[in-house]
Amino acid sequence: MKKILITATELHMDQFWIQHIKNLIDNGYKVDLVCSYVGDRLEALKSKLPLIGNPKFTLVDLKRSPVSPHNIHGYFQLKKYLKNNTMI
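Residues numbered from 1 in each chain as written. Predicted model: local features only at pLDDT ≥ 70, side-chain atom pairs only at ≥ 80, totals over all residues. Heavy atoms only, no water.

Bringing the overall build of the protein into the picture now. The number of helices and strands found in the protein is three helices and three strands. Reading the helices (α) and strands (β) of the protein from amino to carboxyl end gives β-α-β-α-β-α. Rg of the C-alpha trace for the protein: 13 Å, near the compact-globule value of 12 Å for 88 residues, within the 12% margin. Oriented by its inertia axes, the alpha-carbon framework of the protein measures out at about 40 × 30 × 15 Å. In the protein, which comprises 88 residues, the proportion classed as buried is 32%. Of the contacts made within the protein by residues no fewer than 6 positions apart, 64% connect residues no fewer than 24 positions apart. In the protein, which carries 13 positive and 7 negative side-chain charges, the distance between the mean positions of the two groups comes to 8 Å. (Helix = DSSP H or I, 4+ residues; strand = E, 2+ residues; numbered from the N terminus. Rg over C-alpha atoms; globule rule 2.2 N^0.38 Å. Buried < 20%, exposed > 50% of the residue type's maximum accessible area, 1.4 Å probe, protein only. Contact = heavy atoms within 4.5 Å. Lys, Arg positive; Asp, Glu negative; His and termini not counted. Charge placed at Lys NZ, Arg CZ, Asp CG, Glu CD.)

In structure tokens:
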């Protein structure tokens, strides 16, 4: 099985990636999503996931600002995700 990990903000995921994710799933890919929360589109995104093939969804605490202290926590969340969900 071909696998792909898509990382983006939930805003970008909702505005741009939805149809691409559906196409990937329809073509036999296992798709995992890792999102950070920056806008007000999280609930809209979550409601669309079952309609496009229900990819695995993980939310991490990363912010756009490179100096945000949240990014330290988000880094460890992402590191844990990658350790527990190797794509190989």
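The geometry of an aromatic ring pair comes down to the distance between the two centres and the angle between the two planes. Tallied over the entire structure, the rule returns two aromatic pairs. Geometrically, the ring pair formed by Phe 16 and Trp 17 is edge-to-face, given 5.3 Å between the ring centres and 85° between the ring planes. Under the relative-accessibility criterion, Phe 16 is labelled partly exposed at 41%. Ring centres of Tyr 75 and Phe 76 lie 5.1 Å apart, and the angle between their planes is 75°; on these two criteria the pair is classed as edge-to-face. Note on Tyr 75: relative accessible area 46%, which makes it partly exposed. Judged by relative accessible area, which is 48%, Phe 76 ranks as partly exposed. (Phe/Tyr/Trp six-rings, centres within 6.5 Å; stacked < 30°, edge-to-face > 60°.)

Pairing of strand S1 (residues 2-9) with strand S2 (residues 29-36), which is carried by eight bridges, proceeds in the parallel orientation. The partner of Lys 3 across the bridge, within S2, is Lys 30. Handedness of the crossover joining S1 and S2 through helix H1 (residues 10-26): right-handed. (Pairing = 2+ DSSP bridges. Right-handed = clockwise from strand over helix to strand, strands pointing away.)

Just distances and angles here, no functional claims.
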